[in-house]
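Chain by chain, the residues run as shown.
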Amino acid sequence: GSGVGAAASQSIRDTAQPDAAAALTPALSQRERETAPTLAVITDIGNDVMYGATPQQIIDWISASVDRLAQMNTPRINVTALPTASIQRVTPWQFAIVKALLFPTRDITFEQAVSRALETQHLLERLVRESPHAARLRMIQHERDWYGFDPIHIKWRHWPMAWARFLARELRAYRERERIYRDQL
């Protein structure tokens, strides 16, 4: 993925419209927004560090998306943390290889990338705590073991476990609502 700044498409970055939720709104009818159990997951946040975005830009994009999702009455917005444990284990030579493979045209140093990722996580934690929509927000942590040589992308074999965590509470609540509904029939 290319991060929250380009979540809907590259056109978001091209048009300086970093609100990914705005691009998704037309896909949902008014009836669907009012009746369907809704959950948003904001993830892949740290990738934009490698594309030159500042931590504050990334947080501004996320905040705009959260505001838009709240306007759509999204009851729960799960925000995945940056994989800081994995990022802090990265060595300069490992960074050089990953950067050459995944971000070959990006001009960012090892120190800048780590520093910006950690600052982004700090700002993200503050946003989740202090946002006017804090009651809707939940920070989801990553497991260190989900990552390998590539410190920012979850290994394919761990995707089911990761997404189960990203959605766990909501899936349990949805199954409970289904059970209650069936019992009333």
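Quantities reported herein were computed from a predicted structural model and do not represent experimental measurements.

1. So, the sheet that holds strand S2 (residues 76–80)
The sheet built from three strands is open, its strands ordered S1-S2-S3 with parallel pairing. The two strands at the open ends of the sheet, each matched to only one other strand, are strand S1 (39–42) and strand S3 (137–140). For this sheet the average axis-to-axis angle between neighbouring strands, irrespective of direction, equals 25 degrees. Of the strand pairs in this sheet, S1 and S2 are connected by four bridges, and their pairing is parallel. Its bridge partner being in S2, Leu39 is matched across the sheet by Arg76.

2. A few points about the pairing of S2
Within a regular strand, side chains alternate between the sheet's two faces. Counting buried positions along S2 gives five out of five residues, so the element sits mostly inside the fold. Across the two faces of S2 the burial is the same, with Arg76, Asn78 and Thr80 and Ile77 and Val79 all buried. As paired strands, S2 and S3 are joined by four bridges and run parallel to one another. Note that in S3 the partner of Asn78 across the bridge is Arg138.

3. Some thoughts on the nonpolar core
Membership of the largest hydrophobic core comes to 31 residues, with the highest contact counts inside it found for Ile45, Ile62, Ile77 and Leu124. Contributing elements (two or more residues each) for this core: S1, helix H4 (47–50), helix H5 (55–71), S2, helix H8 (110–130) and S3. Per-element tally for this core: the top contributor is H8, with eight residues. If near-sequence neighbours (up to four positions away) are discounted, Ile45 is found in contact with Ile58, Ile62, Val79, Thr80, Leu82, Thr120 and Leu124. In this structure, Ile140, Trp146, Tyr147 and Ile154 belong to the second largest nonpolar core, which totals six residues.

Calculation criteria
Residues numbered from 1 in each chain as written. Predicted model: local features only at pLDDT ≥ 70, side-chain atom pairs only at ≥ 80, totals over all residues. Heavy atoms only, no water. Pairing = 2+ DSSP bridges. Helix = DSSP H or I, 4+ residues; strand = E, 2+ residues; numbered from the N terminus. Axes fitted to C-alpha atoms, helices over the stretch in contact; angles between N-to-C directions. Buried < 20%, exposed > 50% of the residue type's maximum accessible area, 1.4 Å probe, protein only. Core = buried A, V, L, I, M, F, W, Y, C linked by side-chain atoms within 4.5 Å. Contact = heavy atoms within 4.5 Å.

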